[in-house]
Amino acid sequence: MNIPAFGLGTFRLKGQQIIDSVKMGLELGYRHIDTAQIYENEAEVGQAIAESGVPREELFVTTKVWTANLSADRLIPSLEESLSKLRLQQVDLTLVHWPSPNDELPVADYLARLMEAKERGLTRAIGISNFTISHMQQAIDAIGAENIATNQVEVHPFLQNRKVIDFARSQGIHITAYMPLAYGKVMQDEVLQRIGESHNASPAQIALAWLLQQGFAVIPSSTKRENLAANLKAQELRLTDEEMQQIAALDRNERLANPGFAPKWD
């Protein structure tokens, strides 16, 4: 399965704000929408998609199963609830949002349930998110790397997550970069500003181009039409090897998504 390289993230967006963001994104040409059960906006995402008039076959919709729903009695019912909210018969991709906190539930158990959801036609593909090398290995042992469409992890110039990415690549597992703009912190970085000036581009566009050029999917979010449009234009940029190296040197292990139940990071 090919995951569209450019998606629209919806984390932290609620109510009318997310309806407007998704509608604007679809008008501008976004076709990959990323949501999650815990974002509590699946119904609004579904409404925006339904009202957009974009044919279902043109869309790629991702949702994520929350940790409280990984148990045998909750996973498939929770995904059915997600589909109802999204007004879809099937999502394109379902991810395990986080490994089970403190590994209370074995990876093999909940991934087997996710495979069952795929076999039932609730989702076209399945994958993982926030998985460490150890969790990825357990996932591979459980269902095979060929059944893991992506590992969605935080990646931006200030957190390059190289150990996880190198391992995923060695196993043929695709990477989706979330928080690619580090909550807007990329805009203040002098290196990204300087590279941007030479391309007549913003630091945000440079950060996205840097990720795309490495073969990752990106899912930036915005509530402003001009930013949504500008982000899409990052696909037209091509950075030099030297520029790629300059951005690689910005890594400072600055992790922004690190809740108390997060796994022990590599």
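The following paragraphs examine the structure supplied in this document. (Residues numbered from 1 in each chain as written. Predicted model: local features only at pLDDT ≥ 70, side-chain atom pairs only at ≥ 80, totals over all residues. Heavy atoms only, no water.)

1. Comments concerning the sheet that holds strand β3 (residues 60-65)
This is how the line gets drawn: DSSP-based pairing: two strands are paired if at least 2 bridges between them are found. Where helices and strands are cited, they refer to DSSP runs of H or I of at least four residues and of E of at least two residues respectively, numbered from the N terminus.
Strand order in the open sheet formed by eight strands is β1-β2-β3-β4-β5-β6-β7-β8, with parallel pairing between adjacent strands. At either margin of the open sheet sits one strand with a lone partner, and together these are β1 (8-9) and β8 (217-218). By the bridge criterion, five bridges tie strand β4 (residues 91-96) to strand β5 (residues 123-129) in an arrangement that is parallel. Note on β5: the bridge partner recorded for T94 is I126.

2. A short note on the pattern of salt bridges
This is how the line gets drawn: Salt bridges, as used here, are contacts in which a Lys or Arg side-chain nitrogen is within 4 Å of a carboxyl oxygen on Asp or Glu. The rule is simple: take the accessible area with a 1.4 Å probe, protein chains only, and divide by the maximum for that residue type; under 20% is buried, over 50% is exposed, in between is partly exposed.
Across all of its chains, the model carries twelve salt bridges by this definition. R124 is paired through a salt bridge with D92; the nearest N and O atoms lie 2.6 Å apart. On the criterion of sequence distance, the pair formed by R124 in strand β5 and D92 in strand β4 is long-range, its members being 32 residues apart. The class of R124 is partly exposed, set by a relative accessible area of 41%. E254 is the partner of K185 in a salt bridge, and the nearest nitrogen-oxygen pair spans 2.6 Å. One end of the pair, K185, is in the loop between β7 (175-178) and α7 (190-199); the other, E254, is in the segment after α10 (241-248), with 69 residues separating them in the sequence. Overall, K185 belongs to the partly exposed group, its relative accessible area being 36%. Several salt bridges converge on common partners, so that one network encompasses R56, D92 and R124.

3. Looking at the pairing of β7
For clarity, the cut-off: Convention used here: a crossover is right-handed provided that the path from the first strand, over the helix, to the second strand proceeds clockwise when the strands point away from the viewer.
The side-chain alternation of β7 yields two buried faces, one formed by I175 and A177 and the other by T176 and Y178. Sheet topology note: the strand β6 (residues 151-154)/β7 ladder contains four bridges and is parallel. Bridge pairing in β7 places N151 opposite I175. Between the parallel pair β6 and β7, the chain is carried across by helix α6 (residues 162-170), and the sense of this crossover is right-handed. As paired strands, β7 and β8 are joined by two bridges and run parallel to one another. The residue bridging T176 from the neighbouring strand is A217, located in β8.

4. Focus on the layout of surface pockets
Short version of the rule: Lining residues are defined by having an atom within 4 Å of a point belonging to a cavity or pocket. Those points lie on a 1 Å grid over the protein atoms alone, cavities being sets where a 1.4 Å probe fits but cannot get out and pockets being open sets with protein on both sides within 12 Å along at least five of seven lines. Grid points are joined across faces, edges and corners, and a volume is the space filled by probe spheres set on the points. In the scheme used here, Gly and all other residues not listed as nonpolar or charged are polar, with Ala, Val, Leu, Ile, Met, Phe, Trp, Tyr, Cys and Pro taken as nonpolar and Asp, Glu, Lys and Arg as charged.
Of the pockets and cavities examined, the largest pocket occupies roughly 740 Å³. What lines the largest pocket is a set of 36 residues, and nearest its centre among them are F11, M179, P180, Y183 and S221. At three residues, helix α9 (residues 225-233) tops the list of elements feeding residues into the lining of the largest pocket. Here the second largest pocket is characterised by a volume of approximately 160 Å³. Looking at the second largest pocket, it is lined by 13 residues, and the ones nearest its centre are M1, A125, E146, I148 and A149. Across the lining of the second largest pocket, the residue classes break down as seven nonpolar, four polar and two charged.

5. So, the packing of aromatic side chains
Here is the rule we go by: To pair, rings of Phe, Tyr and Trp, with the six-membered ring standing in for Trp, must have centres within 6.5 Å; the planes then decide the type, stacked if under 30 degrees apart, edge-to-face if over 60, and tilted in the middle. Lysine NZ or arginine CZ positioned within 6 Å of the ring centre and within 35 degrees of the ring normal marks a charge as sitting over the ring.
Applying the stated criterion across every chain yields a total of five aromatic pairs. Ring centres of W98 and F261 lie 5.3 Å apart, and the angle between their planes is 85 degrees; this geometry places the pair in the edge-to-face category. In this pair, W98 sits in the loop between β4 and α4 (107-119) while F261 sits in the segment after α10, placing the two residues 163 residues apart along the sequence. Since its relative accessible area comes to 28%, F261 is described here as partly exposed. An aromatic cluster is present here, built from W66, W98, F261 and W265 joined pairwise through their rings. Between R255 and the ring centre of W265, over which it is positioned, the NZ or CZ distance is 3.9 Å.

6. Thoughts on the nonpolar core
The criterion, for reference: Working definition of a nonpolar core: buried Ala, Val, Leu, Ile, Met, Phe, Trp, Tyr and Cys residues. They are joined through side-chain atoms within 4.5 Å. Contacts: residue pairs with any heavy atoms within 4.5 Å of one another.
Core analysis: the largest hydrophobic core is formed by 77 residues, its most contacted members being V22 and L111. No other element matches helix α8 (residues 203-213), which puts eight residues into this core. The contacts of L111, once residues within four sequence positions are left out, are V96, I126, I128, A139 and I143.

7. A word on the environment of A201
Topologically, A201 is positioned in the loop between α7 and α8. In this structure the C-alpha to C-alpha distance between A201 and A234, which are 33 residues apart in sequence, comes to 8.2 Å. Setting aside its immediate chain neighbours within four residues, A201 contacts G196, I206 and L237.

Keep in mind these numbers describe shape, not what the thing actually does.
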